[in-house]
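Remarks on the overall topology
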Amino acid sequence: MQAPVLRKLFLAFIEIHILHHAAKEPIYGTWMIEELKHHGYEISAGTIYPIFHNLEKAGLLVSKSENVNGKTRKYYTITEHGIDVLGKAKVKIKELTHEL
């Protein structure tokens, strides 16, 4: 079991990771879960979708629903505000990694 502070930090890393990929191309939940798994994160749909919704509510992502093989899939892309926030986060991450 993760300590609450560690969980909070990992969620922030996941949010940055989501913004990073959404800046490259539209992403969706199942794909993002698999991508995060490659980086050691075990995250469920019950966790990823609230993160997407919070990022969308904050104006960092925008979603678009599409029909894929008879099912509705929600794709998320980064907004201009999201690009700005991601850029600022990257600067802080570089400063921190240099210091560590």
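For the structure, see preceding data.
The numbers attached to residues start from 1 for each chain and follow its sequence in the written order. At least 70 in pLDDT is required for a residue's local features to be given in this predicted model, at least 80 for side-chain atom pairs to be given and counted, and no such filter applies to totals for whole chains, interfaces and linings, which use all residues. Computation of side-chain values covers all heavy atoms of the structure but excludes hydrogens and water.

Overview of the overall build of the chain
In this description a helix means any DSSP run of H or I spanning at least four residues, a strand means any run of E spanning at least two, and both kinds are numbered starting from the N terminus. When helices and strands are tallied, the chain shows 4 helices and 2 strands. Order of helices (α) and strands (β) in the chain, N terminus to C terminus: α-α-α-β-β-α. All radius of gyration figures rest on C-alpha atoms, and the globule criterion is 2.2 Å times the number of residues raised to 0.38. Expected size for 100 residues packed as a compact globule is a radius of gyration near 13 Å; at 14 Å, the chain falls within 12% of this value. When its C-alpha atoms are laid out on the principal axes, the chain stretches across 50 × 35 × 25 Å.

Examining helix 4 (residues 80-99)
In a regular helix each residue adds 1.5 Å, so 20 residues correspond to 28 Å; helix 4 covers 29 Å between its end C-alpha atoms and thus fits that length. For helix 4, the set of buried residues is Gly 82, Leu 86 and Ala 89. Along the axis of helix 4, the buried positions cluster into a sector of 65°, meaning they face one direction only. Every exposed residue of helix 4 that faces more than 90 degrees away from the buried side is listed here: Glu 80, Lys 88, Lys 92, Lys 94, His 98 and Glu 99. Residue contacts are defined here by distance: any two heavy atoms, one from each residue, within 4.5 Å place the two residues in contact. Tucked inside the fold, the buried residues of helix 4 contact helix 1 (4-24) and strand 2 (71-78). A helix is expected to reach a length of 1.5 Å times the quantity of its residues less one. Here's how the labels work: a residue is buried when its accessible area is under 20% of the maximum for its type, exposed when over 50%, partly exposed in between, all with a 1.4 Å probe on protein chains only. This arc describes the spread of directions from the helix axis toward the C-beta atoms.

Digging into helix 3 (residues 45-57)
A rise of 1.5 Å per residue sets the reference length of helix 3, with its 13 residues, at 18 Å; its end C-alpha atoms lie 18 Å apart and thus fit the reference within 8%. Taken as a whole, helix 3 has its buried residues at Ile 48, Ile 51, Phe 52 and Leu 55. Buried positions in helix 3, seen along its axis, are confined to an arc of 100° and lie on one side of it. Turned more than 90 degrees away from the buried face of helix 3 sit Gly 46 and Lys 57, all of them exposed. Buried residues belonging to helix 3 abut helix 1, helix 2 (29-37), strand 1 (61-68) and strand 2. Positive phi appears at Gly 59, one or two residues downstream of helix 3, with a value of about 85°.

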